[in-house]
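Each chain, letter by letter, is given below.
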Amino acid sequence: MKFTKMQGCGNDYVYVNCFEEKVENPSDLSIRVSDRHFGIGSDGLILILPSKVADCEMDIYNADGSRAKMCGNGIRCVAKYVYDHGIVPKTRMTIDTQSGIKILDLTIKNGRTKSVRVDMGPAELTASRIPVKSDTEKAIDVPIVLDGREYRFTAVSMGNPHAVVFLDDVDNLKIEEIGPKFENNPIFPERVNTEFIKVLGEDTIQMRVWERGSGETLACGTGACGAVVASIVNGKVRGDVPITVKLRGGDLKIEWDQKENHVYMTGPAATVFTGEIEV
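A.B. asks: How would you sum up helix α3 (residues 175-183)? Please name residues and give values.
C.D. replies: Residues Ile175, Ile178, Gly179, Phe182 and Glu183 constitute the buried set of α3. Taken around the axis of α3, the buried residues stretch over an arc of 140 degrees, which confines them to a single face. Buried residues along α3 sit against β9 (142-146), β10 (149-157), β11 (161-166), β12 (193-201), β13 (204-211) and β14 (215-217).

What follows is the structure in structure tokens.
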């Protein structure tokens, strides 16, 4: 099977062109290719498929084989792949996902995609739709006690559920210990991605992320969008300017049009290498 490894801000996936390849069991394949010792090494598997309702479709599987609805860094790489390979020769394209059709605008340099702006759609703050169990309609700045320590989180969905936690120090956070406790807490019926945020200024935040099914990753596009929405509703940053999200793998620019309730994400997309693997 031919594949391409791509990354956006260090969020790396194995991409398979299903216009040409056929994948029988993507869940098992994702576990295999994601292994960094016995496979290719990635945060998961993304299939690029034909679509009857958009220019193409992407199907996402986490490193543990579970299926994801949306991946902000991944969709930028899908756009780069289909443009650079002449499959979708458009600088504005549509990509169908498990969380709906997204519109993407590409910046091209020397015939190749350098960055992509994605309309990530609306931010969902209603607790039951995220989902998160809550006594209030929205779970904004609500307490949760884990291992005897109280954290406060804001729940947002950007196609995936996110719990955003504000801390004074994220660099020294033992994320491998606290991340799974958020992910598997029973108040999140579908598990949850958790963003740990330090506010650096009125237009800049620092973020580390624990993704359900993948663990800590260098970046998470939907998580960055959810983090900015949570930062705005909690009055941590300005709501009228683009917010820079500083991730371990690079920076993303996030804008939230509150009037229309659309979140826009701009960031890089890069090819790492191509190859073949026996399946």
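A.B. asks: Please set out empty space enclosed by the protein residue by residue, giving values where relevant.
C.D. replies: A full pass over the atoms with the stated rule returns one cavity of 30 Å³ or more. The volume enclosed by the largest cavity comes to roughly 100 Å³. In terms of lining residues, the largest cavity is bounded by 13 residues, among which Asn62, Ala68, Met70, Asn160 and Glu211 are the most central. Of the residues assigned to the lining of the largest cavity, the class counts are five nonpolar, six polar and two charged.

A.B. asks: Which residues make up helix α2 (residues 72-84), and what values go with them?
C.D. replies: Over its 13 residues, α2 runs 19 Å from end to end, which matches the ideal 18 Å to within 8%, given 1.5 Å per residue. Of all the 13 residues making up α2, 13 are buried; the element is thus mostly covered by neighbouring parts of the structure. One or two residues past the end of α2 sits Gly86, with phi positive at roughly 75 degrees.

A.B. asks: Lay out the packing of aromatic side chains with the relevant residues and their values.
C.D. replies: Using the criterion set out here, one finds five aromatic pairs in the structure. Here Tyr13 and Tyr15 contribute two aromatic rings whose centre-to-centre distance is 6.4 Å and whose plane-to-plane angle is 70 degrees, an arrangement assigned as edge-to-face. Measuring from centroid to centroid gives 5.7 Å for Tyr151 and Phe182, while their planes differ by 75 degrees, and the two rings are edge-to-face. Of this pair, Tyr151 sits in strand β10 while Phe182 sits in helix α3, placing them 31 residues apart in sequence. Relative accessible area serves as the criterion here: at 8%, Tyr151 is assigned to the buried category. Classification of Phe182 by relative accessible area gives buried; the value is 0%. Each residue in the set Tyr151, Phe182 and Phe196 is aromatic and connected to the rest through ring pairs, giving one cluster. Taking NZ or CZ as reference, Lys236 lies 5.1 Å from the ring centre of Phe166, over its face.

About the criteria used
Residues numbered from 1 in each chain as written. Predicted model: local features only at pLDDT ≥ 70, side-chain atom pairs only at ≥ 80, totals over all residues. Heavy atoms only, no water. Buried < 20%, exposed > 50% of the residue type's maximum accessible area, 1.4 Å probe, protein only. Helix = DSSP H or I, 4+ residues; strand = E, 2+ residues; numbered from the N terminus. Arc of directions from axis to C-beta. Contact = heavy atoms within 4.5 Å. 1 Å grid on protein atoms, 1.4 Å probe; cavity = no way out; pocket = protein on both sides within 12 Å on 5 of 7 lines; lining within 4 Å. Points joined across faces, edges and corners; volume = space filled by probe spheres on them. Nonpolar A, V, L, I, M, F, W, Y, C, P; charged D, E, K, R; others polar. Expected span 1.5 Å × (residues − 1). Phe/Tyr/Trp six-rings, centres within 6.5 Å; stacked < 30°, edge-to-face > 60°. Lys NZ or Arg CZ within 6 Å of the ring centre and 35° of its normal.

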